[in-house]
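Breakdown of the fold
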Amino acid sequence: QVQLVESGGGLVQPGGSLRLSCAASGNIFTIRAMAWYRLAPGKQRELVAAITSGGTTNYATSVKGRFTISRDNAKNTVYLQMNSLKPEDTAVYYCNAELRSSTYGPFRGYWGQGTQVTVSS
């Protein structure tokens, strides 16, 4: 079994900052990539940022220059530093990890339970 546990969401004023964390645990051999997605009411799920095991990153255009994704491979943890937050960043943020549980097993995607981020004055 694999678990992804997110933390760090909350209510923040426009222009403020939050830092999300997601720790993966359980039967993990290697994690290929980790990412953050978000889902806002009435919108489709959106990839916010992703990072590979080698540190290559990818960001949605809407968050470039404001959000930073990073990871600690030793702790199987990914972070999302969110600065200059805007009301349109309000959403439930989900962590995703693409990993395998054995040397030659298939890579599978796992999801966290989600953490609410609300940007409002």
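Here the structure is a predicted model, which is why all the values come from computation and not from measurement. (Residues numbered from 1 in each chain as written. Predicted model: local features only at pLDDT ≥ 70, side-chain atom pairs only at ≥ 80, totals over all residues. Heavy atoms only, no water.)

This part covers the pairing of strand β7 (residues 67-72). Side-chain alternation along β7 places Phe67, Ile69 and Arg71 on a buried face and Thr68, Ser70 and Asp72 on a face that remains uncovered. Bridge analysis of β7 against strand β8 (residues 77-82) gives six bridges, and the strand direction is antiparallel. Bridging from a neighbouring strand, Thr68 pairs with Gln81 of β8. Hairpin geometry of β7 and β8 is characterised by an intervening segment of four residues between the two adjacent antiparallel strands and by a positive phi of about 50° at Asn76. (Buried < 20%, exposed > 50% of the residue type's maximum accessible area, 1.4 Å probe, protein only. Helix = DSSP H or I, 4+ residues; strand = E, 2+ residues; numbered from the N terminus. Pairing = 2+ DSSP bridges.)

Before going further, it helps to spend a moment on the side chain of Arg71. Note that Arg71 resides in strand β7. An unpaired buried charge is present at Arg71: no salt bridge exists, and Asp72, the closest side chain of opposite charge, is 8.1 Å distant. A polar contact of 3.3 Å, which involves the side chain of Arg71, links it to the backbone oxygen of Ile51. With residues up to four places along the chain from it excluded, the contact list for Arg71 reads Ile31, Arg32, Ala33, Met34, Ile51, Thr52, Ser53, Thr77, Val78 and Tyr79. (Lys, Arg positive; Asp, Glu negative; His and termini not counted. Salt bridge = Lys/Arg side-chain N within 4 Å of Asp/Glu carboxyl O. Polar contact = N/O pair within 3.5 Å; in protein donor to acceptor, adjacent residues only side chain to side chain. Contact = heavy atoms within 4.5 Å.)

The subject of this paragraph is unusual backbone geometry. Non-glycine residue Asn76 carries a positive phi angle of around 50°. Structurally, Asn76 is set in the loop between β7 and β8. One non-glycine residue with positive phi stands out, namely Ser84, at about 50°. Structurally, Ser84 is set in the loop between β8 and β9 (91-100). Judged by its relative accessible area of 41%, Ser84 is partly exposed.

Now for the pairing of β8. By the criterion of burial, β8 is predominantly enclosed, with five of the six residues buried. Relative to β8, strand β3 (residues 18-26) is paired through six bridges, and the arrangement is antiparallel. Note on β8: the bridge partner recorded for Cys22 is Val78.

Turning to the sheet that holds strand β1 (residues 2-7), a few remarks are in order. If you walk across this open sheet you meet the four strands as β1-β3-β8-β7, and the pairing is antiparallel. Because the sheet does not close on itself, it has two edges, and the strands there are β1 and β7. On average, adjacent strands in this sheet sit at an angle of 15° to one another, irrespective of strand direction. (Axes fitted to C-alpha atoms, helices over the stretch in contact; angles between N-to-C directions.)

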